[in-house]
Amino acid sequence: EAQSAAALLHPNVVSVYDVNETNGIYYIVMEYVDGITLKKYVTLNGRLPVKEATSIAIQVAQGIEAAHNAGIIHRDIKPQNVLISREGKIKVTDFGIARTTTANTISTDILGSAQYISPEQARGDKVDARSDIYSFGIVFYEMITGELPFDGKSAVTVALKHIQEHVPLVSEKVSGVPGSVEKIIEKCTQRRPDRRYQKMSSLLSDMKMSLVTPDDDFVLLEPEDDESATVIMTGRDAEILRNEGRRGERGRVVSV
């Protein structure tokens, strides 16, 4: 996976120059970016103006699209893994848990950061490009609202919310956000992968359109049916989350 990431050459992806091993220690040589993370930028500035947030989001999406086109799923898209250089260039970094699409992507390990994790990743199910799109939607949501959609006392609590609850609409948090931007975020963060954007190119097309005609109604949402109205937590879901909590959670494990 690291060698695949090293083959990525895109202005919105941090370059990997070398992957090697010395005396049993594996290391990666990466491009140095003089700047700050998107997380720190949002923390310092609060919620961003819509045009600025959308412009940043477009660059992030272009970096993710380059990875997907190379057959790589990032699996840990979050603002801590997005760098803003002093020149204002946006770069996606840290492919530490990325997997190639040819690899076995079904795992009982819950990888990725809980606040940005997709429902299927939280359950330990197979992930694909649409999982990165969900996480991207949460990052976009945070830039627009200045806060995260879900909070909890532990990572497991937050992961369960991603599985069981709808991401709140942007308009429930802030006013004055164009309808197209709200619907783009809503489509990215659908719990069911088949209701999200299916590829980054479609998402990018809508985001670029939103910069030109933000109030037009061009974002197509899949109609919700009875199957998607309620998500039931299965015993397998609960066991995966319990096991992950025992292994990696520093605090308590919620009862499910």
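What you see is a predicted model; the values in this text were computed from it and never measured. (Residues numbered from 1 in each chain as written. Predicted model: local features only at pLDDT ≥ 70, side-chain atom pairs only at ≥ 80, totals over all residues. Heavy atoms only, no water.)

Among the nonpolar cores identified, the biggest contains 50 residues, and Phe136, Phe140, Met143, Ile144, Leu203 and Met207 are the most heavily contacted of them. For this core, the secondary-structure elements that each account for two or more residues are helix 2 (38-45), helix 3 (50-69), strand 5 (82-85), strand 6 (90-92), helix 5 (129-145), helix 7 (179-188) and helix 8 (200-212). With nine residues, the top contributor of residues to this core is helix 5. Those residues in contact with Ile144, other than ones at most four positions away along the chain, are Arg47, Leu48, Val50, Ala53, Val170, Val174, Val177, Val181 and Ile185. (Core = buried A, V, L, I, M, F, W, Y, C linked by side-chain atoms within 4.5 Å. Buried < 20%, exposed > 50% of the residue type's maximum accessible area, 1.4 Å probe, protein only. Helix = DSSP H or I, 4+ residues; strand = E, 2+ residues; numbered from the N terminus. Contact = heavy atoms within 4.5 Å.)

Quick look at a nonpolar patch on the surface now. Taken together, the side chains of Tyr17, Tyr27 and Val29 define a hydrophobic patch exposed on the protein surface, amounting to about 290 Å² of accessible area. With respect to the helices and strands, Tyr17 occurs in strand 1 (residues 16-22). (Patch = residues over 30% accessible without salt bridge, like charges linked within 9 Å, V, L, I, M, F, W, Y side chains within 5 Å. Areas by Shrake-Rupley, 256 points an atom, 1.4 Å probe, with all protein chains shown as cover. Salt bridge = Lys/Arg side-chain N within 4 Å of Asp/Glu carboxyl O.)

Turning next to the confidence of the model for the chain. Averaged over every residue, the pLDDT of the chain is 85; residues scoring 70 or more account for 80%. Confidence scores differ between elements of the chain, with helix 9 (residues 226-229) showing the lowest mean pLDDT of 47 and helix 7 the highest of 98. In the model, residues 103-109 has pLDDT below 50 throughout and makes 15 contacts with residues more than four positions away in sequence or in other chains. For the stretch residues 248-256, pLDDT sits under 50, and the model shows 16 contacts to residues farther than four places along the chain or on other chains. (pLDDT = per-residue confidence, 0-100.)

Covered by surrounding structure in strand 5 are Val82 and Ile84 together with Leu83 and Ser85, the residues of both alternating faces. Pairing geometry for strand 3 (residues 35-37) and strand 5, over three bridges, is antiparallel. Directly across from Ile36, in strand 5, lies its bridge partner Ile84. Here strand 5 runs beside strand 6; their pairing, made up of three bridges, is antiparallel. Directly across from Leu83, in strand 6, lies its bridge partner Lys91. Between the end of strand 5 and the start of strand 6, which pair antiparallel, lie four residues, with Gly88 showing a positive phi angle near 90°. (Pairing = 2+ DSSP bridges.)

A separate point is empty space enclosed by the protein. Counted by the stated rule, this structure contains two cavities of 30 Å³ or more. Roughly 40 Å³ of internal volume is contained in the second largest cavity. Lining the second largest cavity we find 10 residues, and of these Asp76, Ile77, Ser113, Tyr116 and Ser135 sit closest to its centre. The residue inventory of the lining of the second largest cavity, partitioned by class, reads three nonpolar, four polar and three charged. (1 Å grid on protein atoms, 1.4 Å probe; cavity = no way out; pocket = protein on both sides within 12 Å on 5 of 7 lines; lining within 4 Å. Points joined across faces, edges and corners; volume = space filled by probe spheres on them. Nonpolar A, V, L, I, M, F, W, Y, C, P; charged D, E, K, R; others polar.)

Taking 1.5 Å per residue as the helical rise, helix 5 with its 17 residues ought to reach 24 Å, and the 25 Å between its terminal C-alpha atoms agrees with that figure. With 17 of its 17 residues buried, helix 5 lies for the most part within the structure. Among the residues trailing helix 5, Gly146 stands out with phi positive, at a value near 80°. (Expected span 1.5 Å × (residues − 1).)

On to the sheet that holds strand 5, then. Strand order in the open sheet formed by three strands is 3-5-6, with antiparallel pairing between adjacent strands. The open sheet has two free edges, formed respectively by strand 3 and strand 6, since each of these has just one partner strand. The average angle at which neighbouring strand axes cross in this sheet is 25°, direction not considered. Sheet strands touched by helix 2: strand 3 and strand 5. Its angle to strand 3, the strand with the most contacts, is close to 85°. The strands touched by helix 3 within the sheet are strand 5 and strand 6, with strand 6 carrying the most contacts at an inclination of about 35°. (Axes fitted to C-alpha atoms, helices over the stretch in contact; angles between N-to-C directions.)

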